[in-house]
Amino acid sequence: MISARSQARSKLSERRAELLKRISDNQRDLERALASLEKVDKAAVRRDAAIAKANEEFEKKKAAAELAAGRSLAQVAGRGETATSISELVDLDVAMVRRLVKLAEENNESTPPAQGSSEGGSEAKEPMPDVPVAASGS
């Protein structure tokens, strides 16, 4: 016959073994969960770096395109078109036309003018500042 004390020890020993197994299983699964979440963090870092690089490339291309557009618009302005008339011809806001032409003018000192004639750079600078926005009505 098994004594009550032996039965109690046996049951406690089984419970302790179950508890240790549960703790061990929990630890293993929690470590896996944390490792998986670390992968998410690493992927987020790679994503953020890729986005930053794409934004940087976009900004460079945007700046180059706007400068090229500004130079072309400055050429048109140099031939006597007003900011208002240019904006109507290309369906751009007058402020955008002026901003792009100003950008081209500011960069004209460091780059040769796009216009074929000599003194072309100074011609593009004169018409735009005297063009009031109210000139669009006439």
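This report concerns the structure included in the present document.

About the criteria used
- Residues numbered from 1 in each chain as written.
- Predicted model: local features only at pLDDT ≥ 70, side-chain atom pairs only at ≥ 80, totals over all residues.
- Heavy atoms only, no water.
- Helix = DSSP H or I, 4+ residues; strand = E, 2+ residues; numbered from the N terminus.
- Buried < 20%, exposed > 50% of the residue type's maximum accessible area, 1.4 Å probe, protein only.
- Contact = heavy atoms within 4.5 Å.
- Areas by Shrake-Rupley, 256 points an atom, 1.4 Å probe, with all protein chains shown as cover.
- Axes fitted to C-alpha atoms, helices over the stretch in contact; angles between N-to-C directions.
- Parallel < 35°, antiparallel > 145°, perpendicular 65-115°, else oblique.
- Left-handed = near helix turned anticlockwise from the far one by under 90°.
- Nonpolar A, V, L, I, M, F, W, Y, C, P; charged D, E, K, R; others polar.
- Expected span 1.5 Å × (residues − 1).
- Patch = residues over 30% accessible without salt bridge, like charges linked within 9 Å, V, L, I, M, F, W, Y side chains within 5 Å.
- Salt bridge = Lys/Arg side-chain N within 4 Å of Asp/Glu carboxyl O.

1. A short note on the overall build of the protein
Looking only at helices and strands, the protein features 4 helices and 0 strands. For the protein, the proportion of its 138 residues judged to be buried stands at 19%. Of the contacts made within the protein by residues no fewer than 6 positions apart, 66% connect residues no fewer than 24 positions apart. Summed over its atoms, the accessible surface of the protein is roughly 10500 Å², and 56% of this surface lies on carbon and sulfur atoms.

2. So, the packing of helix α2 (residues 83-90) against helix α3 (residues 94-107)
Running from N to C, α2 and α3 point in directions that differ by 110 degrees, and their axes come no closer than 8 Å. One way to sum up the angle between α2 and α3 is to call them roughly perpendicular. Where α2 crosses over α3, the two elements pack in a sense that is right-handed. Across the interface between the two elements, A83, T84, I86 and S87 from α2 touch V94, V97 and R98 from α3. Its residues assigned to classes, the contact of α2 with α3 shows 4 nonpolar, 2 polar and 1 charged.

3. Section: helix α1 (residues 4-78)
Between its first and last C-alpha, α1 extends 108 Å over 75 residues, near the 111 Å set by a 1.5 Å rise per residue. Taken together, the buried positions of α1 are E66, L67, G70, L73, A74, Q75 and A77.

4. Describing a nonpolar patch on the surface
Together, L19, L20 and I23 give the surface a local cluster of nonpolar side chains, amounting to about 270 Å² of exposed area. With respect to the helices and strands, the residue I23 is situated in helix α1. Exposure remark for I23: the relative accessible area of 45% places this residue in the partly exposed category.

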